[in-house]
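Examining the three-dimensional arrangement
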Amino acid sequence: MKKWQLVLATALCLSSLIGCSDDEPAPSGNDGGQTMTTWTPLGSPSNIPNILSIIQLGQTQMVYTSAGMYVSRNGGNWSSATIAPTNVVGMVASGNAIYVNENYSLYRSTNNGETWNVSAFSNYLSSQPVINGNAIYVGSYGGVYRSTNNGASWRLINQGHSGYVYGLAFNGSTYYAIVNYNRLFRSASSDSEWVETGFPASTSALNNSLIAVGSSILIGTYTGIARSTDNGATWSVQTTNQIYATRFRAFGSTIYACSYQGLYRSNDSGATWTQVGNKTNISDVSVSGTTITIATSSEGVLHSTNDGATWTRQNAGFPSQYVERACGVGTTVFATTSFPVEELSKVNRQTQGGGGSNNLYRTTNNGQQWSLAKITFNDGSSIDTVSYASDMLTVGNALFVGNNYGLFRTTDKGNSWSRDTASFLRSNGVRYLNQSGNALFAIYYGGFGRSTNNGATWTEFTFNPYGGSALISSGKQALSGARATSSASLGGTALQVAQSGSTIFVASTDGLYRTTNGGSTWSKVISTSTQSQSDVATIGSTVFYPLQDKVLYSSDNGDTWAESRVGARYHYVRLIAATGNILFAGTDNGLYVSKDSGRTWQTTGLIDVSVESISFDGNSIYAATRSGIYKSAF
């Protein structure tokens, strides 16, 4: 359904408190009267971050992950590295040194990552570093830089070309640079002028996927591995197995190609390739003696001592992920994972959702095995994973998944998919999804779409968080923890949408808004100053809004409000959701249910867990928590 980060709202502005009408019921909370007794644990997908790159120097291994930098010494567990770059472009090991570059800095360590020297750049670094003898080379948005004093000073060597350098390689005294993804330059020496050579026709290079070994130049492209044996004058593109190499690594005369399709190896300078093992989603590889270590986006770090016949996981010490969202479609369950709030300082966060990789997983056997969901379309094209999946929602037998690229739907439990045709959803992406009454809502930054025919067609509504004038209702509005204002501007960002009749409510980061005229004008009916998370739900003509440990409810379109406390003790209400006439409240300490429109609450039996999302499938409810996924009948 939806996910809220745990943010304790400690500084809500309290002003202009307006009382409730005399006939409003008193707030109540009840931890008794449990209505659900059996919850079936379905486990959770991967407990490891997405491993993006790996290098090895002696017995020290270092990885860059979606949860930050980690190091393993002498084959032991992983632990946080002493540096925490947030956007690593590349890592290499050479001699006794490790090099890591990110954004505007190059890090160098000669003591297995214990301490680092840092070189700063004015231009954005765009390729991994290349080491040749005592010289270090880096590609940037300003060209190629060289240092012969371990990064103390740098010289720009751009004679003959300019642009963004996305790949660097050298072979003997000859240097190669990919510029702007589709141009290849070479230089006879580090001080010679760069001369443009041929580039594979009708294609573009994948970032950092350039290597020169023996008589061959190899470039990873979107159509396969391109190879030239005459300094780029002519090219052949090998489309066998559709190897889209995102990274090459050379160990002696042996070349490895890392790709989503698997790990491939060549012993003849790239003329032929053989798959190593059967693992997919390979982002990097390291070889030491007879041990092959791979970095993957789905299984973490694995190593093999029998040439890929079997693999052993090496994931101890990585931070645990929690299940962010879960949706059931019959016996099939989908889930996404992310990193908890306490890992914020380590994770390269995305602007939406909670961060981490947010990949989409699927199980068809009640959680015994999970696999990354592959999005396959009717035309045969596919996406290996829906990265940064923002939200999920089931409507009947259909599962909707929103992400940065729009809205996807499957009606056969993930075997085939279609992509929504609404242009505004494709261009803006989808952050959150909700079903309210007969309407399906897809929310993005600055607005949302509404569909009343299960996503067949959409109507766009604009919710401008920083412009326009908010018309404030003159009726009674506020209870404890909320404040009424006489005038305000539309603020915050839309987090959730629900409707009651012709009234649409938007829960924003700074309060609750409503429109009664299709979005032409909006009024702020509840205003909060630090409500970093928010939700809204409706049952018939009643609207519900969570606030700290309470749920506010109104039966007159938000003119007047009453409140009920969820639980006898303080339980921070993270989300609410309605199905039929039943209302659920997910808290930081369990899941609660109300069958009288939010007046009183009972525990569901799911306690001592932080609920991240809830969803429904027929008479079943799925709760995604930091302890895994749970399912129960209701």
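**Considering the overall build of the chain**
- Along the backbone of the chain there are one helix and 60 strands.
- Across the 634 residues in the chain, those meeting the buried criterion constitute 58%.
- Counting contacts in the chain only where the partners sit at least 6 residues apart, residues at least 24 apart contribute 48% of the total.
- With an accessible surface of roughly 23700 Å², the chain has 44% of that area assigned to carbon and sulfur atoms.

**Examining the layout of surface pockets**
- By volume, the second largest pocket is sized at about 670 Å³.
- Lining the second largest pocket are 26 residues; nearest its centre among them are Val92, Gln128, Phe248, Arg249 and Ala250.
- Secondary structure elements with two or more residues in the lining of the second largest pocket: β2 (51-57), β6 (88-94), β10 (130-132), β14 (165-171), β18 (205-213), β22 (245-251) and β26 (282-288).
- Taken together, the residues that form the lining of the second largest pocket break down as 18 nonpolar, six polar and two charged.

**A few points about the nonpolar core**
- Ranked by internal contacts, the top residues of the largest apolar core, which has 15 residues, are Trp39, Phe584, Leu591, Leu606, Ile614 and Ile621.
- Within the residue set of this core, elements represented by two or more residues are β54 (573-579), β55 (582-587), β56 (590-594), β58 (611-617) and β59 (620-625).
- Examining the composition of this core, we find that three residues originate from one element, β58, more than from any other.

**A word on the pairing of strand β28 (residues 301-304)**
- Note that strand β27 (residues 291-296) and β28 share four bridges and pair antiparallel. The partner of threonine 293 across the bridge, within β28, is histidine 303.
- Once β27 ends, the chain turns through four residues before running back antiparallel as β28, passing glycine 300 with a positive phi of about 85°.
- Relative to strand β29 (residues 312-313), β28 is paired through two bridges, and the arrangement is antiparallel.

**Observations concerning unusual backbone geometry**
- Even without a glycine there, the phi angle at asparagine 112 is positive, about 60°.
- Overall, the relative accessible area of 31% leaves asparagine 112 in the partly exposed class.
- The phi angle at aspartate 307 is positive, at roughly 60°, despite the residue not being glycine.
- Residue position: aspartate 307 is located in the loop between β28 and β29.
- Since its relative accessible area comes to 42%, aspartate 307 is described here as partly exposed.

**Re the environment of tryptophan 116**
- By the element assignment, tryptophan 116 lies in the loop between β8 (105-109) and β9 (117-120).
- Taking the C-alpha atoms as reference points, tryptophan 116 and isoleucine 98, separated by 18 residues in sequence, lie 9.2 Å from one another.
- With residues near it in sequence (within four places) discarded, tryptophan 116 still touches Met62, Thr82, Ile83, Ile98, Val100, Tyr107, Arg108 and Ser109.
- Here threonine 82 takes part through its side chain, which lies 3.2 Å from a polar atom of the side chain of tryptophan 116.
- Of the polar contacts made by the side chain of tryptophan 116, one reaches the backbone oxygen of glycine 113; its length is 3.1 Å.

**Quick look at the pattern of salt bridges**
- Within the structure shown, the criterion is met by 14 salt bridges.
- Salt-bridge contacts for arginine 313 lead to glutamate 299; the nearest nitrogen and oxygen are separated by 3.3 Å. One end of the pair, arginine 313, is in strand β29; the other, glutamate 299, is in the loop between β27 and β28, with 14 residues separating them in the sequence.
- Classification of glutamate 299 by relative accessible area gives buried; the value is 17%.
- Ionic contacts of the salt-bridge type, sharing partners, join the residues Arg247, Arg249 and Asp284 into one network.

**A short note on the packing of aromatic side chains**
- Applying the stated criterion across every chain, the model contains 23 aromatic pairs.
- Considering the side-chain rings of phenylalanine 170 and tyrosine 175, the 6.1 Å spacing of their centres and the 40° angle between planes classify their relative orientation as tilted.
- Between the aromatic rings of phenylalanine 441 and phenylalanine 448, the centroid separation amounts to 5.9 Å while the plane-to-plane angle is 65°, which identifies the pairing as edge-to-face.
- For phenylalanine 441, a relative accessible area of 0% gives the class buried.
- Residue phenylalanine 448 is classed as buried on the basis of its relative accessible area of 0%.
- An aromatic cluster is built from Tyr104, Tyr124, Tyr141, Tyr164, Tyr166 and Tyr181, whose rings are joined through pairwise contacts.
- Seen from the ring of tyrosine 445, arginine 431 lies directly overhead, with NZ or CZ sitting 3.9 Å from the centre.

**Quick word on the sheet that holds strand β41 (residues 439-444)**
- With antiparallel pairing, the four strands of this open sheet are ordered in space as β40-β41-β42-β43. Since the sheet does not close on itself, it has two edges, and those belong to β40 (432-436) and β43 (459-462), each with one partner. Neighbour-to-neighbour, the strand axes of the sheet open up by a mean angle of 25°, direction not taken into account.
- Inspection of the sheet shows β41 paired to strand β42 (residues 447-451) by five bridges, in the antiparallel sense. Its bridge partner lying in β42, isoleucine 443 is registered against phenylalanine 448.

**Looking at the sheet that holds strand β46 (residues 494-500)**
- Spatial ordering of the open sheet is given by β46-β47-β48-β49, a layout of four strands whose pairing is antiparallel. Each end of this open sheet is capped by a strand with a single partner; those strands are β46 and β49 (523-527). Between one strand and the next, the sheet's axes are offset by a mean angle of 25°, whatever the strand orientation.
- Note: strand β48 (residues 511-515) against β49, four bridges, orientation antiparallel. Each residue of the ladder has a partner; that of tyrosine 513, found in β49, is lysine 524.

Reading the values: the criteria
- Residues numbered from 1 in each chain as written.
- Predicted model: local features only at pLDDT ≥ 70, side-chain atom pairs only at ≥ 80, totals over all residues.
- Heavy atoms only, no water.
- Helix = DSSP H or I, 4+ residues; strand = E, 2+ residues; numbered from the N terminus.
- Buried < 20%, exposed > 50% of the residue type's maximum accessible area, 1.4 Å probe, protein only.
- Contact = heavy atoms within 4.5 Å.
- Areas by Shrake-Rupley, 256 points an atom, 1.4 Å probe, with all protein chains shown as cover.
- 1 Å grid on protein atoms, 1.4 Å probe; cavity = no way out; pocket = protein on both sides within 12 Å on 5 of 7 lines; lining within 4 Å.
- Points joined across faces, edges and corners; volume = space filled by probe spheres on them.
- Nonpolar A, V, L, I, M, F, W, Y, C, P; charged D, E, K, R; others polar.
- Core = buried A, V, L, I, M, F, W, Y, C linked by side-chain atoms within 4.5 Å.
- Pairing = 2+ DSSP bridges.
- Polar contact = N/O pair within 3.5 Å; in protein donor to acceptor, adjacent residues only side chain to side chain.
- Salt bridge = Lys/Arg side-chain N within 4 Å of Asp/Glu carboxyl O.
- Phe/Tyr/Trp six-rings, centres within 6.5 Å; stacked < 30°, edge-to-face > 60°.
- Lys NZ or Arg CZ within 6 Å of the ring centre and 35° of its normal.
- Axes fitted to C-alpha atoms, helices over the stretch in contact; angles between N-to-C directions.

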